[in-house]
Amino acid sequence: MIGIGEKLPEFKLVSVKPGFNDPEESGESAFEEFSDSSFSGKWKVIYFYPKDFTFICPTEIIEFASINDELEKKDCVLIGGSTDNEFCKLAWRREHPGLNKLNHRSFADPQGKLTQELGLMSDEGVAYRATLIVDTDNVVQHICVNALDTGRNPQETLRTLESLQAGGLTACNWKPGQELLG
């Protein structure tokens, strides 16, 4: 499994752009390449989930969407995805009211190459519920991996990003505005 301090490997995937529900809208494609060189100079929260059209996954995606504005204020891009393809992601956006016009990118890793290379593929052949916080140099600064049946807390992901960006030692349960240690 990829670890803290390791750089993301080279990869290229297709992603669905924010706000799209159909493959083409107003003459613009919903799809764009997502790679290790995307969003240069920005922090990234990249989260993996097992499958589209499931039960726990949309609860997480909706909660990640709820922190997207805060992440953007912190110069951070939010990207979520699974091993389902990009057309499945669009169909799910159209089907599920909470995912309609989703406000962040959804990547597709249908062959599971990136998921496997990062060591995030479960024995069931789907991605674990993994969250990576990646700095502006594409170095992993945080990784959290949950079992398939256990949802995450995106608010904690936001707090962790803020702590990583604080520029010093942060205590347990540190929040922005609190003193740094040492």
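Preceding this section is the structure that the text describes.
This section reports on the structure supplied with the text. Fair warning: this is a prediction, and the values are worked out from it, not measured in the lab. (Residues numbered from 1 in each chain as written. Predicted model: local features only at pLDDT ≥ 70, side-chain atom pairs only at ≥ 80, totals over all residues. Heavy atoms only, no water.)

Section: empty space enclosed by the protein
No. 1: If you walk through the whole model with that rule in mind, you get one cavity of 30 Å³ or more.
No. 2: Space inside the largest cavity adds up to approximately 70 Å³.
No. 3: For the largest cavity, the lining is made up of 13 residues, of which Tyr49, Ile61, Arg93, Leu102 and Ser106 are closest to its centre.
No. 4: Looking at the lining of the largest cavity, the elements that each hand over two or more residues are strand 6 (76-82), helix 3 (86-95) and strand 7 (105-108).
No. 5: Top contributing element to the lining of the largest cavity by residue count: helix 3, with three residues.
No. 6: Per-class residue counts for the lining of the largest cavity are six nonpolar, four polar and three charged. (1 Å grid on protein atoms, 1.4 Å probe; cavity = no way out; pocket = protein on both sides within 12 Å on 5 of 7 lines; lining within 4 Å. Points joined across faces, edges and corners; volume = space filled by probe spheres on them. Helix = DSSP H or I, 4+ residues; strand = E, 2+ residues; numbered from the N terminus. Nonpolar A, V, L, I, M, F, W, Y, C, P; charged D, E, K, R; others polar.)

Quick notes on the side chain of Glu25
No. 1: Among the secondary structure elements, Glu25 is positioned in strand 2 (residues 24-25).
No. 2: When neighbours within four sequence positions are excluded, Glu25 is seen to be in contact with Gly19, Phe20 and Lys101. (Contact = heavy atoms within 4.5 Å.)

What to know about the pairing of strand 7
No. 1: Residues Arg105 and Phe107 point to one face of strand 7 and Ser106 and Ala108 to the other, with burial holding for every one of them.
No. 2: Direction of pairing for strand 1 (residues 12-16) relative to strand 7: antiparallel, over a ladder of three bridges. Within strand 7, the residue paired with Ser15 across the bridge is Phe107.
No. 3: Relative to strand 7, strand 6 runs parallel, the two sharing four bridges. Residue Ile79 lies in a different strand from strand 7, and its bridge partner there is Arg105.
No. 4: The parallel pair strand 6 and strand 7, bridged by helix 3, forms a crossover whose chirality is right-handed. (Buried < 20%, exposed > 50% of the residue type's maximum accessible area, 1.4 Å probe, protein only. Pairing = 2+ DSSP bridges. Right-handed = clockwise from strand over helix to strand, strands pointing away.)

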